[in-house]
Amino acid sequence: MTMTSSPAPSSAVEGERADILAELAEARAALTTTVRGLDDARIAERPTVSGLRLGGLIKHVASIEEGWLRFVADGPSALRYDLPEGVTWEDFKAGTAQTYPQWAIDRQTEFQVLPGETLAGILARYEEVAARTTEIVAALPDLSVTHPLPEAPWHEPGGVRSARRVLLHVIAETAQHAGHADILRETIDGQTST
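Note that this is a predicted model, so its numbers are computed, not measured.

## Things to note about the overall build of the chain
Move 1: The helix and strand tally for the chain stands at seven helices and two strands.
Move 2: Overall, the chain shows an N-to-C arrangement of helices and strands of α-α-α-α-α-α-β-β-α.
Move 3: In the chain, buried positions account for 43% of the 194 residues.
Move 4: Working note: accessible area of the chain is about 10,100 Å², and carbon and sulfur atoms make up 52% of it.
Move 5: Treating the 17 positive side-chain charges of the chain as one cloud and the 28 negative ones as another, the clouds have centres 2 Å apart.

Here is the structure:
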């Protein structure tokens with residue numbers, strides 16, 4: 001089972017928007033093709049020392065796309081990186097924090113295939129994210145719409161991102177993980193997505 005091709009950009013989406021959405025759809029297809037012919041158990045396997053799993057990669061990429069497109073639609077409040085009271089970024093980075101924020105815990109579980117999760121469910125969620133991305137992009141007045149980045153050590157202070165740059169980042173992230181997934185698939189059973 002594979003994700004059906006991502007929703008084609010609607011007729012309301014033309015020009016640069018259509019081109020960007022088409023490129024994102026190609027990157028998504030490269031990622032989801034890696035699970036073709038696998039069952040729920042195989043997508044949960046950890047075939048290398050990295051800890052990556054095919055199902056987890058798809059979950060992670062869907063979450064990244066969903067979060068960044070919420071940022072495009074709603075601004076920096078959609079991507080918050082608050083730390084629990086008394087925890088510093090130094091504690092967090094060193095792994096010595098007494099408690100961890102829910103967003104960090106959620107990020108770790110994205111890479112796993114949890115009990116009860118299925119390939120069909122993971123792909124269906126990714127399709128929903130893809131459809132929502134198309135809706136958000138179609139509704140934007142302009143791809144140059146910008147928002148300030150939320151405070152986090154990995155964002156430059158005072159940085160901003162346009163919708164265009166966010167979409168390019170999502171394409172790059174998806175393509176990068178499609179490459180990881182191809183290696184995982186080849187390690188599992190010798191098959192590649194190409």
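## Description of the nonpolar core
Move 1: Formed by 26 residues in total, the largest nonpolar core has its most connected members in Trp68, Leu69, Val72 and Leu143.
Move 2: Listed by contribution, the elements that provide at least two residues to this core are helix H1 (15–32), helix H3 (54–74), helix H4 (89–94), helix H6 (119–139) and helix H7 (163–189).
Move 3: Look past the residues within four positions of Trp68 in its chain and what remains in contact with it is Leu79, Leu149, His155, Arg161, Val166, His169 and Val170.
Move 4: Counting 21 residues, the second largest nonpolar core, distinct from the first, contains Val35, Ile58, Ala62 and Val113.

## Observations regarding the environment of Val129
Move 1: By the secondary structure assignment, Val129 is in helix H6.
Move 2: The class of Val129 is buried, set by a relative accessible area of 6%.
Move 3: Between the C-alpha atom of Val129 and that of Glu66, which follows or precedes it by 63 residues, the distance is 5.9 Å.
Move 4: Apart from the residues lying within four places of it in its own chain, the contact partners of Val129 are Ala62, Glu65 and Glu66.

## Observations concerning the side chain of His60
Move 1: Note that His60 resides in helix H3.
Move 2: Within polar-contact distance, the side chain of His60 engages the side chain of Glu110 at 2.8 Å.
Move 3: Among residues more than four places away in sequence, those in contact with His60 are Arg107, Glu110, Phe111, Glu173 and His177.

## What about the packing of aromatic side chains?
Move 1: Using the criterion set out here, one finds nine aromatic pairs in the structure.
Move 2: A centroid spacing of 4.9 Å and a plane angle of 80 degrees characterise the contact between Tyr81 and Trp154, whose relative ring orientation is edge-to-face. With Tyr81 in the loop between H3 and H4 and Trp154 in the loop between strand E1 (146–148) and strand E2 (160–162), this pair connects stretches of sequence that are 73 residues apart.
Move 3: Ring pairing ties together the aromatic residues Tyr81, Trp89, Phe92, Tyr100, Trp103 and Trp154, which thus form one cluster.

## With respect to the confidence of the model for the chain
Predicted coordinates in areas of low pLDDT are best not read in detail.
Move 1: Taken residue by residue, the chain gives an average pLDDT of 90. The fraction at 70 or more is 93%.
Move 2: Confidence drops under pLDDT 50 across residues 1–10; counting only partners more than four residues distant or on other chains, this segment forms 28 contacts.

## Considering the pattern of salt bridges
Opposite charge on two side chains makes pairing possible when the charged atoms of those side chains draw close.
Move 1: Summed over all chains, the structure comprises ten salt bridges.
Move 2: With a closest N to O distance of 2.4 Å, Glu66 and Arg125 form a salt bridge. Of the two residues, Glu66 is situated in helix H3 and Arg125 in helix H6; the sequence distance between them amounts to 59 residues.
Move 3: Between Glu135 and Arg132 there is a salt bridge, with the nearest N and O atoms lying 3.2 Å from each other. With Glu135 and Arg132 both in helix H6, this residue pair falls three residues apart, about one helical turn.

Cut-offs used in this document
Residues numbered from 1 in each chain as written. Predicted model: local features only at pLDDT ≥ 70, side-chain atom pairs only at ≥ 80, totals over all residues. Heavy atoms only, no water. Helix = DSSP H or I, 4+ residues; strand = E, 2+ residues; numbered from the N terminus. Buried < 20%, exposed > 50% of the residue type's maximum accessible area, 1.4 Å probe, protein only. Areas by Shrake-Rupley, 256 points an atom, 1.4 Å probe, with all protein chains shown as cover. Lys, Arg positive; Asp, Glu negative; His and termini not counted. Charge placed at Lys NZ, Arg CZ, Asp CG, Glu CD. Core = buried A, V, L, I, M, F, W, Y, C linked by side-chain atoms within 4.5 Å. Contact = heavy atoms within 4.5 Å. Polar contact = N/O pair within 3.5 Å; in protein donor to acceptor, adjacent residues only side chain to side chain. Phe/Tyr/Trp six-rings, centres within 6.5 Å; stacked < 30°, edge-to-face > 60°. pLDDT = per-residue confidence, 0-100. Salt bridge = Lys/Arg side-chain N within 4 Å of Asp/Glu carboxyl O.

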